[in-house]
Amino acid sequence: MPAQAYAGKQCVCQLRKEICDQSCVQGMLETPLYIACLRLGGRRCVVVGGGDVGLEKVDGLLACEATVTLIAPQAREELAEYAREGSIEWLQREYRGVADLEGALLVIAATNQTPVNIAVFEDAERRSTLVNVVDVPPLCSFILPAIVRTGPLAIAISTAGASPALAKRMKREIEMQYGEPYARLAMLLNDARGWAKSTLPTYQDRKEFFEGIVNGDPDPIELLRAHVSDGGSGEDAVRELIARAQRERTALLTRA
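Residues numbered from 1 in each chain as written. Predicted model: local features only at pLDDT ≥ 70, side-chain atom pairs only at ≥ 80, totals over all residues. Heavy atoms only, no water.

Colleague: Requested: an account of the overall build of the protein chain, with residues and values cited.
Modeller: From N to C terminus, the protein chain includes nine helices and seven strands. In the protein chain, which comprises 256 residues, the share counted as buried stands at 36%. Here the analysis covers contacts within the protein chain between residues at least 6 apart in sequence; of these, 50% occur between residues at least 24 apart. Summed over all atoms, the accessible surface of the protein chain reaches about 14900 Å², with 51% contributed by carbon and sulfur. (Helix = DSSP H or I, 4+ residues; strand = E, 2+ residues; numbered from the N terminus. Buried < 20%, exposed > 50% of the residue type's maximum accessible area, 1.4 Å probe, protein only. Contact = heavy atoms within 4.5 Å. Areas by Shrake-Rupley, 256 points an atom, 1.4 Å probe, with all protein chains shown as cover.)

Colleague: Can you explain the pairing of strand β1 (residues 44-48)? Please cite residues and give values.
Modeller: Working note: regular strand, side chains alternate between the two faces of the sheet. Buried residues dominate β1, accounting for four of its five residues. This β-α-β element, β1 to helix α1 (residues 52-63) to strand β2 (residues 67-71), shows right-handed connectivity. Alignment of β1 against strand β4 (residues 104-109), held across five bridges, turns out to be parallel. When the sheet's bridge partners are listed, V46 is paired in β4 with V107. (Right-handed = clockwise from strand over helix to strand, strands pointing away. Pairing = 2+ DSSP bridges.)

Colleague: Tell me about the packing of α1 against helix α2 (residues 77-85), and name the residues and values.
Modeller: Relative orientation of the contacting elements α1 and α2 amounts to 40°, with a least axis distance of 9 Å. On the basis of the axis angle, α1 is oblique to α2. Like other packed secondary-structure pairs, α1 and α2 cross with a definite hand, here left-handed. Here G54, L55, V58, D59 and L62 of α1 lie close against α2, whose contacting residues are E78, L79 and Y82. Looking at side-chain class alone, the contact of α1 with α2 contains five nonpolar, one polar and two charged residues. (Axes fitted to C-alpha atoms, helices over the stretch in contact; angles between N-to-C directions. Parallel < 35°, antiparallel > 145°, perpendicular 65-115°, else oblique. Left-handed = near helix turned anticlockwise from the far one by under 90°. Nonpolar A, V, L, I, M, F, W, Y, C, P; charged D, E, K, R; others polar.)

Colleague: Kindly report on the sheet that holds β4, identifying the contributing residues and their values.
Modeller: Taken together, the five strands give an open sheet; going across it, the order is β3-β2-β1-β4-β5, and neighbouring strands pair in parallel fashion. At either margin of the open sheet sits one strand with a lone partner, and together these are β3 (88-91) and β5 (130-133). Looking at each pair of strands side by side, their axes are set apart by 15° on average, direction ignored. Along the sheet, α2 contacts β2 and β3; its crossing angle with β3, the most-contacted strand, is approximately 115°.

Colleague: Tell me what's going on with the nonpolar core, and back it up with residues and numbers.
Modeller: By size, the foremost hydrophobic cluster in this structure holds 19 residues, and its most contacted members are V46, V48, Y95, V107, V120, V131 and V133. Among the secondary structure elements, those contributing two or more residues to this core are β1, β4, α3 (114-127) and β5. For this core, the element with the highest residue contribution is α3, accounting for five residues. For V133, the contacting residues outside a window of four places in its chain are A109, N117, F121, L139 and C140. Within the second largest apolar cluster, 16 residues are counted, among which are A196, F210, I213 and V238. (Core = buried A, V, L, I, M, F, W, Y, C linked by side-chain atoms within 4.5 Å.)

Colleague: So what about the environment of Q113? Which residues, and what values?
Modeller: Along the polypeptide, Q113 turns up in the loop between β4 and α3. Along the chain, Q113 and G49 lie 64 residues apart, while their C-alpha atoms are 9.5 Å from each other.

Colleague: Mind laying out the pattern of salt bridges, listing which residues take part and the relevant values?
Modeller: Under the criterion given, the structure shown has 15 salt bridges. E78 is the salt-bridge partner of R76, the closest N and O atoms lying 2.5 Å from each other. Overall, the relative accessible area of 28% leaves R76 in the partly exposed class. With relative accessibility at 32%, the residue E78 sits in the partly exposed group. Here E173 and R169 are joined by a salt bridge, their closest N and O atoms 2.8 Å apart. One end of the pair, E173, and the other, R169, are both in helix α4 (residues 164-177), four residues apart, so they sit about a helical turn from each other. Residue classification places E173 among the partly exposed residues on the basis of a relative accessible area of 39%. Owing to a relative accessible area of 48%, R169 belongs among the partly exposed residues under this scheme. A single salt-bridge network, built from bridges that share partners, covers R184, E235, D236 and R239. (Salt bridge = Lys/Arg side-chain N within 4 Å of Asp/Glu carboxyl O.)

Structural data, given as structure tokens:
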């Protein structure tokens, strides 16, 4: 059960029940979530709340090159420094309503004030703006998963709000399992995409080409790992593996 929604505690959701009866989260774990990766570069994103959680959310948005507006009467010194250096816009005041969301792709409310959180949620819903109220899933149209990020790879772990602690454990385990070799393989395969698109005539041909490399023998991940252990990168071996696959595909097309 989400930390801020359990029976007997003061209501924190839009149902305004005074005392929580968990009705807002019934069926939450059965709700199918549409998983997507957003391009935020140059997009206006709003964070309401300038505390520790607000800082965490601002950092995440800046890492994705979003244009961030912070709304808070006070803020952590790190956030104030971001504003001074021009990395974010800081509206040093209380949240004032729907006009604060003008032009925003998404808004994150990171306050401990239930009326403010509900107002942000309802204003965002009226504008069809994506909204996340931290730790209150009933006030979210999207959930922020735990992220494992290595180079171009990003792996998201979500428990639909049921257990952030479990998501963090899974993140640690996935980080150990899928690390740098996978990121480097992704970049090497990306280098071959232009050749594949210009040479292989159909989607199925391209799919078989890349799957043959990724799932083939020798295993490109093992090549990368083996060369790391002896002081090399293994990239030359994988490039030769890709080149061999290209030659084989070209020969097949020629015979056809």
